[in-house]
Protein chains: 2
Amino acid sequence: MSAASGRLCVVLVGASNPLNIGAAARAMSNFGFLRLRVVSPYEVAFREARSAVGAASLLANAEEFTKVADAVADCTLVVGTTAVRHRELQHPLRRLEYGARLIRKELATGRVALVFGPEKTGLSNDDLSYCHWLMNIPTREQHISMNLGQAVAVCLYELVRDAKKATSAKKLAKKEQMEKRATAGEVERISDGLLEALHRSGYVKPIAAASTEERVRRMVRRMNLSSRDAELWLGMLRQILWKIKAARD
Amino acid sequence: MSAASGRLCVVLVGASNPLNIGAAARAMSNFGFLRLRVVSPYEVAFREARSAVGAASLLANAEEFTKVADAVADCTLVVGTTAVRHRELQHPLRRLEYGARLIRKELATGRVALVFGPEKTGLSNDDLSYCHWLMNIPTREQHISMNLGQAVAVCLYELVRDAKKATSAKKLAKKEQMEKRATAGEVERISDGLLEALHRSGYVKPIAAASTEERVRRMVRRMNLSSRDAELWLGMLRQILWKIKAARD
């Protein structure tokens, strides 16, 4: 856990489903945020969650509070998450892409609470009154509300995501885009044709048939064929197979 | 569903937990990708998943296949997801930030399959042989493997995320950063002090006490106090309260 990620607290308020608490803990562990605080969870939910895959110690170290105020008291920035868009929100509402930047900045020196509400209702107005601003995930209008564990995963991913890793992609993408690509169906027909030729020609040893086939299929995919080349290949293989069959008979 | 997102197929291979299938479907619906294909799921898992919150029609329209080859046959790009880092991978491995860019480019004209393996084992070598390249989510080394539903959510979020929404954040963040911020505990003490003064001065009507308190707490947070100003405020309120109490007695 880096110093900065150690300063983020994920605060789950009133979570009632142990699977969701466990899922939140697992995502935290995946992305390296290990401080979980729970505010009045259903006792059973919290106890059952302690079996979450790979996140047992994180859950064991989770801190319990009865009030949101106490759970965020040592934080210099408190961010609430919400699915709400159009309700008379009293707070600034920021999209995740933007909000995460502000959180990262604050984490350089301060402590941040990222607060998630109960599954069914979300954060109450009272809960929201402890928040400096709100953040939402850009889901589509017709289905706004996310599962709690998935919302935690997406928010934390945005916090660890590395913009630099994406920018170098442009050139390559352009190059790869220039010609129309073969479909997976065409590629598979080429693999099949080639494999038939290899079988009939005795290249494939029965004892290693499965691994040879896999190797060949991977090789054909690495050829990264354009649609035009795929057609060429299919023609060539058809001819080769015709020849091989003729030789057998 | 935009034309581009309609060209993405999420392919779940051998999923065995109905909750995970349902969670994957829900995240797809949240982010506007409605084409689900399942390859030999456990029959029960698939049937039980059909109750996923908000994603019933998506699940009802899911297509079933018995072979990976058939599920991806009409796609021009097949991307496998994997938690593996160091295994003798036969494929190029790309981080999500970068891979998502390539996928978006391909979706402009082609059809893309995004393939997820079974919960316990991930994609087999045979499954992988149908993929052009692999993509991984930047989880931490000590806990690489994500929950299936969360992995789907994170990948689809990266596909819809809007880089432009993040870039304008820099200036504001800098401004907000210049002074050390008050902690939530300090802010809450100011709210408490102010509320006590308002209660004692008869400003708060008993019948509307809860909503008034909320309103005041939000207002105090909107002041966005620096640590120094918070101290000032606490001193001022202490004095005001002393005066009010003296007046009462």
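For the structure, check the block above.
Residues numbered from 1 in each chain as written. Chains lettered and ligands numbered in written order. Predicted model: local features only at pLDDT ≥ 70, side-chain atom pairs only at ≥ 80, totals over all residues. Heavy atoms only, no water.

Enquirer: With reference to specific residues and values, describe the overall build of chain A.
Expert: Tallying secondary structure elements over chain A gives twelve helices and seven strands in all. Counting only C-alpha atoms and orienting by the principal axes, one finds that chain A spans roughly 85 × 40 × 35 Å. The long-range share in chain A, meaning contacts at least 24 apart out of those at least 6 apart in sequence, stands at 84%. In the form shown here, chain A has an accessible surface area of approximately 11700 Å², with 54% of it arising from carbon and sulfur atoms. Charge separation in chain A, taken as the distance between the mean sites of 39 positive and 26 negative side-chain charges, equals 7 Å. (Helix = DSSP H or I, 4+ residues; strand = E, 2+ residues; numbered from the N terminus. Contact = heavy atoms within 4.5 Å. Areas by Shrake-Rupley, 256 points an atom, 1.4 Å probe, with all protein chains shown as cover. Lys, Arg positive; Asp, Glu negative; His and termini not counted. Charge placed at Lys NZ, Arg CZ, Asp CG, Glu CD.)

Enquirer: Mind laying out the packing of aromatic side chains, listing which residues take part and the relevant values?
Expert: Between two aromatic rings, the relevant description is the distance of the centres plus the angle of the planes. Overall, the coordinates contain three aromatic pairs over all chains when judged by the stated rule. Relative to Tyr157(A), the ring of Phe31(A) has its centre 6.1 Å away and its plane inclined at 55°; by these criteria the two rings are tilted. Of this pair, Phe31(A) sits in helix H1 (residues 18–31) while Tyr157(A) sits in helix H7 (residues 148–160), and the two are 126 residues apart along the sequence. Residues Phe31(A) and Tyr157(A) agree in their burial class; the two are buried. Of the aromatic side chains, those joined through ring pairs into one cluster are Phe31(A), Tyr157(A), Phe31(B) and Tyr157(B). Against the face of Trp133(A) rests Arg94(A), its NZ or CZ located 4.8 Å from the ring centre. (Phe/Tyr/Trp six-rings, centres within 6.5 Å; stacked < 30°, edge-to-face > 60°. Buried < 20%, exposed > 50% of the residue type's maximum accessible area, 1.4 Å probe, protein only. Lys NZ or Arg CZ within 6 Å of the ring centre and 35° of its normal.)

Enquirer: Now, about the sheet that holds strand S1 (residues 8–13) of chain A: what can you tell me, with residues and values included?
Expert: Residues and elements named next belong to chain A. The strand order across the open sheet built from seven strands is S3-S2-S1-S6-S4-S7-S5, with neighbouring strands paired in parallel fashion. Bordering the open sheet on either side are strand S3 (63–65) and strand S5 (93–95), each of which pairs with just one other strand. Sheet twist, expressed as the mean angle between neighbouring strand axes with direction ignored, is 30°. (Pairing = 2+ DSSP bridges. Axes fitted to C-alpha atoms, helices over the stretch in contact; angles between N-to-C directions.)

Enquirer: How would you sum up helix H11 (residues 209–222) of chain A? Please name residues and give values.
Expert: In this model, H11(A) (14 residues) spans 20 Å end to end at C-alpha, consistent with the 20 Å of a helix rising 1.5 Å per residue. Taken together, the buried positions of H11(A) are occupied by Ala209(A), Thr212(A), Glu214(A), Val216(A), Arg217(A), Arg218(A), Val220(A) and Arg221(A). Lining the buried residues of H11(A) we find helix H10 (184–200) of chain A together with helix H6 (125–128) of chain B. (Expected span 1.5 Å × (residues − 1).)

Enquirer: So what about the environment of Leu198(A)? Which residues, and what values?
Expert: All names here are of chain A. Relative to the helices and strands, Leu-198 is located in helix H10. For Leu-198, a relative accessible area of 16% translates into the label buried. C-alpha of Leu-198 to C-alpha of Val-216: the two residues are 18 residues apart in sequence and 9.8 Å apart in space. Leu-198 has contacts with Tyr-203, Val-204 and Val-216, leaving out every residue within four places of it along the chain.

Enquirer: Could you give me a rundown of the relation of the copies chain B and chain A, with the residues and numbers involved?
Expert: Each copy of the sequence occupies a distinct position, and chain B is placed on chain A by a rotation of 180° and an axial shift of 0.1 Å, giving an RMSD of 0.1 Å. Look at the turn and shift together and you get a two-fold axis relating the two. An overlap of 100% is found between the interface residues of chain B and their copies at the interface of chain A, pointing to a shared contact surface. (Least-squares fit on C-alpha atoms with pLDDT ≥ 70 in both.)

Enquirer: Break down helix H1 (residues 18–31) of chain B for me, with residues and values.
Expert: Residues and elements named next belong to chain B. Over its 14 residues, H1 extends 20 Å from the first C-alpha to the last, a length consistent with the 20 Å expected when each residue adds 1.5 Å. Counting buried positions along H1 yields 13 of 14 residues, so the element is predominantly enclosed. With a side-chain oxygen lying 2.8 Å from the backbone nitrogen of Leu-19, the N-terminal cap of H1 falls on Asn-17. (Polar contact = N/O pair within 3.5 Å; in protein donor to acceptor, adjacent residues only side chain to side chain.)

Enquirer: Explain the side chain of Ser5(B) to me, using residue names and the numbers behind them.
Expert: Residues and elements named next belong to chain B. Mapped onto the fold, Ser-5 is located in the segment before strand S1 (8–13). In this structure the side chain of Ser-5 is engaged in a polar contact, spanning 3.4 Å, whose partner is the backbone oxygen of Gly-32. Excluding residues within four positions of it along the chain, Ser-5 makes contact with Gly-32 and Phe-33.

Enquirer: Describe in detail the sheet that holds strand S6 (residues 112–116) of chain B, supporting the description with residues and values.
Expert: Residues and elements named next belong to chain B. Reading across from one edge, S3-S2-S1-S6-S4-S7-S5 is the order of the seven strands in this open sheet, with parallel pairing throughout. Of all strands in the sheet, those with a lone pairing partner are strand S3 (63–65) and strand S5 (93–95), marking the two edges. If you compare each strand with its neighbour and ignore which way they point, the axes differ by 30° on average. With three bridges connecting them, S5 and strand S7 (residues 133–136) associate as parallel partners.

Enquirer: Break down the environment of Ser211(B) for me, with residues and values.
Expert: Turning to its location among the elements, Ser211(B) is positioned in helix H11 (residues 209–222). For Ser211(B) and Leu34(B), which are 177 residues apart along the polypeptide, the C-alpha to C-alpha distance reads 41 Å.

Enquirer: Provide a residue-level description of the interface of chain B and chain A, including the pertinent values.
Expert: In this complex, chain B contributes 77 residues to the contact, which on the side of chain A involves 77 residues. Contact between chain B and chain A buries roughly 6700 Å² in total, counting both sides, with carbon and sulfur atoms accounting for 53%. The interface formed by chain B and chain A includes four salt bridges. A salt bridge links Glu158(B) to Arg161(A); the shortest N-O distance between them is 2.7 Å. Our count for the chain B to chain A interface comes out at 38 residue pairs in polar contact (both at pLDDT 80 or more). With eight residues, H1(B) is the single largest residue contributor to the side of chain B that touches chain A. Here the side of chain B that touches chain A is composed, by residue class, of 33 nonpolar, 22 polar and 22 charged. (Buried area = accessible area lost by both parts, 1.4 Å probe. Salt bridge = Lys/Arg side-chain N within 4 Å of Asp/Glu carboxyl O. Nonpolar A, V, L, I, M, F, W, Y, C, P; charged D, E, K, R; others polar.)

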